[in-house]
Amino acid sequence: MGKQDNRVAYMNPIAMARSKGPVQSSGPTWEEVKEQLEKRKKGSKALAEFEEKMNENWKEELEKHREKLLSGSKSSSKKRQRKKNEKKKSGRLRTILQTRNPGTTQTKSELEHGPAYTL
């Protein structure tokens, strides 16, 4: 029994690649890429017009909302002031009436319109 032959033939990878033929391109060529980029730069006119219109509508809506908030804050502060004044007045009336008649408690409507008489 002799030794096993473990020699392997050397194969030149460059020569093997050439023997298979030209390499198939897996993606687009540089010229095709340039064309696609130019098309993207141009874009769609309809889309651009739509985006501009939406931006204008959005800006108008924002302005209206701002005006509404700004004008609403003035009226709400007036409402708060009125409520404070009403509370002060009702509180004053109660204290005045309670000092005169300490055992009675009256509602706001009774204070403003007088006691309700039922027959």
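Attention here is on the structure that accompanies the text. Residues take numbers from 1 onward in each chain, read along the sequence in its written order. Thresholds applied to this predicted model are a pLDDT of at least 70 for local features of residues and 80 or more for the giving and counting of side-chain atom pairs; totals over whole chains, interfaces and linings are not thresholded and use all residues. Values shown for side chains rest on all heavy atoms present in the structure; no hydrogens or waters enter the calculation.

Some details on the overall build of the chain
Secondary structure counts use DSSP, requiring at least four H or I residues in a row for a helix and at least two E residues in a row for a strand, with both numbered from the N terminus. Counting secondary structure elements, the chain contains four helices and zero strands. Along its sequence from the N terminus, the chain presents helices and strands in the succession α-α-α-α. Each accessible area value is a Shrake-Rupley result obtained with a 1.4 Å probe; residue values ignore everything except the protein chains displayed when judging cover. Accessible surface, the chain as shown: approximately 12500 Å² in total, 54% of it carbon and sulfur.

Looking at the pattern of salt bridges
Salt bridges are defined as contacts in which a side-chain nitrogen from Lys or Arg sits within 4 Å of a carboxyl oxygen from Asp or Glu. Counted according to the given criterion, the structure contains one salt bridge. Between D5 and R7 there is a salt bridge; the shortest N-O distance is 3.0 Å. Summary of the burial criterion: residues with accessible area below 20% of their type's maximum are buried, those above 50% are exposed, and those between are partly exposed, where the area comes from a 1.4 Å probe applied to protein chains only. Classification of D5 by relative accessible area gives exposed; the value is 53%.

Describing a negative patch on the surface
Exposure above 30% relative accessible area and the absence of a salt bridge qualify a residue for a patch, where like charges join within 9 Å and nonpolar side chains (Val, Leu, Ile, Met, Phe, Trp, Tyr) within 5 Å. In this tally Asp and Glu are treated as negative and Lys and Arg as positive; neither His nor the chain ends contributes. To locate a charge, the coordinates of NZ of Lys, CZ of Arg, CG of Asp or CD of Glu are taken. A contiguous patch of negative charge, built from E49, E51, E52, E56, E60, E63 and E67, is present on the exposed surface. Locating E49 in the fold gives a position in helix α3 (residues 45-100).

What about helix α2 (residues 30-42)?
Compared with an ideal rise of 1.5 Å per residue, which puts 13 residues at 18 Å, α2 spans 19 Å between its outermost C-alpha atoms and is within 8% of the ideal. Taken from the residues just after α2, G43 is the one with a positive phi, measuring 70°. In this analysis, the expected span of each helix is defined as 1.5 Å times one less than the number of residues it contains.

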